[in-house]
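# What the coordinates show
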Amino acid sequence: MTGTTPRTAALRAAALLTTAVLALTACGSGEPAAGGPTGGAAAEIPTTDVVSGIRKDPAAARLLPADVRKRGTLSLAVSVGTPPGATYLADGRTLAGQDVDFADAVAKVLGIRLRREVAGFEAILPALGSGRYDLGTGNFGVTDERRRTIDFVTYINDGQGFAVRKDSPLKKVTSLRRLCGLTVATGAGTTFEATLEENRHLCREAGKKPYDVKTYAEQGALWISLQQGRTDVVMSTINGLRYAVRQQQGLRFLGEFKRLDVGFAFKKGTPLAPAVQAAVNRLKKDGGYDRILKKWGTGPSAIKTSQISPPEIR
């Protein structure tokens, strides 16, 4: 025996988790959430090249606005969080993730280059509206509220789910009333925060104690709050949660709550959407799309066809 108490062990694990997650996180990416690996070692990030063999599609490229074809570049804002969305490799500089591969693949199909800039999740959508960037990625769920000011081109289907510690009595969440009386951790400025805030009345109407919502900009802090018992449940992306429970001991995934389409985000009324949509659909046809999903273990997130700003999935 080492003489380590359960509380001490938990604090050590949390410290290791902080180190691992913060090493992978540039800024708090509200949508894609995942945890650090067990044992304090850096999570192994797949580096298989699934993009370089993709060829330009002249038909899709012709859909680009003339000025974009002339300059040959687009500015892309990237929210960096944790796998499988977007993260850093061990060098702390190289970006990797499903969002990264999809953006690179679309650029290859369109025959253009991307000028990437890392930006905070909460800052990207407003910055698109002001014209600072041409497009953005951050596992942005397509909601009716967002569609009022932002255009989307869908490329995967992800959504909302929950995770808890293994010793939690909470089972599958089929209604937010199941959260009454609990403390829920989620990312700041996300669809999860909005969903929780909009439905606080459910507990009151059921005569139950409301749930408490704790928001975090840093994903490391979010998961540590769960591990240390300061929160009872995490609400985040389905893909991110599945990744998290594989990488951390003592957690379990409660299942899917709501599915959402996920898309590249653009300023409302963008002329870029038809070209990007055509590029995603070309990837679907030539196999590049499936190779990206296989690399990141997100096959269930495949969509049948890319759409421009479809209605929110109900």
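Everything below is about the structure printed above this text.
What comes next is a walk through the structure. (Residues numbered from 1 in each chain as written. Predicted model: local features only at pLDDT ≥ 70, side-chain atom pairs only at ≥ 80, totals over all residues. Heavy atoms only, no water.)

## Looking at the overall build of the protein chain
When you go through the protein chain residue by residue, the secondary structure sums to twelve helices and ten strands. Partitioning the intrachain contacts of the protein chain with sequence separation of at least 6 by distance along the chain shows that 78% fall at a separation of at least 24. Accessible area for the protein chain stands at about 13,700 Å²; split by element, carbon and sulfur atoms hold 51% of it. (Helix = DSSP H or I, 4+ residues; strand = E, 2+ residues; numbered from the N terminus. Contact = heavy atoms within 4.5 Å. Areas by Shrake-Rupley, 256 points an atom, 1.4 Å probe, with all protein chains shown as cover.)

## A short note on the packing of helix 4 (residues 98-110) against helix 11 (residues 273-286)
Packed helix pairs are specified by the crossing angle of their axes together with the interaxial distance, meaning the distance between the axes. As a packed pair, helix 4 and helix 11 sit with axes 9 Å apart at the nearest point and diverge in direction by 100°. Here helix 4 is positioned roughly perpendicular relative to helix 11, judged by the angle of their axes. Residues Ala105, Val106, Val109 and Leu110 of helix 4 form the contact with helix 11, whose participating residues are Ala275, Val276, Ala279, Val280, Arg282 and Leu283. A class-by-class count of the residues in the contact of helix 4 with helix 11 yields nine nonpolar, no polar and one charged. (Axes fitted to C-alpha atoms, helices over the stretch in contact; angles between N-to-C directions. Parallel < 35°, antiparallel > 145°, perpendicular 65-115°, else oblique. Nonpolar A, V, L, I, M, F, W, Y, C, P; charged D, E, K, R; others polar.)

## Examining empty space enclosed by the protein
Across all of its chains, the model carries three cavities of 30 Å³ or more by this definition. Here the largest cavity is characterised by a volume of approximately 50 Å³. What lines the largest cavity is simply Leu74, Ala103, Val106, Ala107, Leu110, Ile112, Leu114, Leu135, Phe264 and Val276. The greatest single-element share of the lining of the largest cavity, amounting to four residues, is contributed by helix 4. Tallied by class, the residues present in the lining of the largest cavity amount to ten nonpolar, no polar and no charged. (1 Å grid on protein atoms, 1.4 Å probe; cavity = no way out; pocket = protein on both sides within 12 Å on 5 of 7 lines; lining within 4 Å. Points joined across faces, edges and corners; volume = space filled by probe spheres on them.)

## Focus on the nonpolar core
In this structure, Phe102, Val106, Leu110, Phe264 and Tyr289 are the most contacted members of the largest nonpolar core, which totals 44 residues. Of all the secondary-structure elements, those providing two or more residues to this core are strand 1 (73-78), strand 3 (95-96), helix 4, strand 6 (150-165), strand 10 (251-267), helix 11 and helix 12 (288-296). Here the element with the most residues in this core is helix 4; it accounts for eight residues. Beyond its immediate stretch of four places on either side in the chain, Val106 contacts Phe264, Val276, Ala279, Val280 and Leu283. Grouped together as the second largest cluster of nonpolar side chains are 17 residues, Leu176, Phe192, Leu196 and Tyr211 included. (Core = buried A, V, L, I, M, F, W, Y, C linked by side-chain atoms within 4.5 Å. Buried < 20%, exposed > 50% of the residue type's maximum accessible area, 1.4 Å probe, protein only.)

## Re the packing of aromatic side chains
Geometry of an aromatic ring pair is reported as the spacing of the ring centres plus the angle between the planes. Across all of its chains, the model carries five aromatic pairs by this definition. Seen in terms of ring centroids, Phe102 and Tyr155 are 5.2 Å apart; in terms of plane orientation they differ by 50°. Their pairing is tilted. In this pair, Phe102 is assigned in helix 4 and Tyr155 in strand 6, connecting sequence segments 53 residues apart. An aromatic cluster of at least three residues, connected via ring pairs, comprises Phe102, Tyr155, Phe264 and Tyr289. (Phe/Tyr/Trp six-rings, centres within 6.5 Å; stacked < 30°, edge-to-face > 60°.)

## As for the environment of Thr190
Mapped onto the elements of the fold, Thr190 is located in the loop between strand 7 (183-187) and helix 7 (191-198). Taking relative accessible area as the criterion, Thr190 reaches 4% and is therefore assigned buried.

## Some remarks on the layout of surface pockets
In this structure, the largest pocket encloses a volume near 420 Å³. In terms of lining, the largest pocket is formed by 20 residues, of which the most central are Thr143, Thr191, Ala194, Thr195 and Glu198. Across the lining of the largest pocket, the residue classes break down as six nonpolar, seven polar and seven charged.

## With respect to helix 10 (residues 238-247)
Most of helix 10 is tucked away, with eight of its ten residues classed as buried. In this structure, the buried residues of helix 10 make contact with helix 4, strand 6, helix 9 (219-227), strand 9 (233-237) and strand 10.

## Some thoughts on the packing of helix 11 against helix 12
Across the interface, helix 11 lies against helix 12 with an axial gap of 4 Å and an inter-helix angle of 85°. The orientation of helix 11 with respect to helix 12, classified from their angle, is roughly perpendicular. Residues Val280, Leu283, Lys284 and Asp286 of helix 11 touch helix 12, and the partners they reach there are Gly288, Tyr289 and Arg291.

## What about the pattern of salt bridges?
Counted by the stated rule, this structure contains 17 salt bridges. A salt bridge links Lys214 to Asp212; its shortest N-O distance comes to 3.6 Å. The salt bridge partner of Arg314 is Glu312, with a shortest N-O separation of 3.5 Å. A residue is classified by how much of its surface remains accessible, and Arg314, at 74% relative accessible area, is exposed. What makes Glu312 buried here is its relative accessible area of 12%. It is possible to trace a salt-bridge network through shared partners that takes in Asp144, Arg147, Lys258, Glu312 and Arg314. (Salt bridge = Lys/Arg side-chain N within 4 Å of Asp/Glu carboxyl O.)

Honestly, that's just the spatial picture; any functional story needs more than this.
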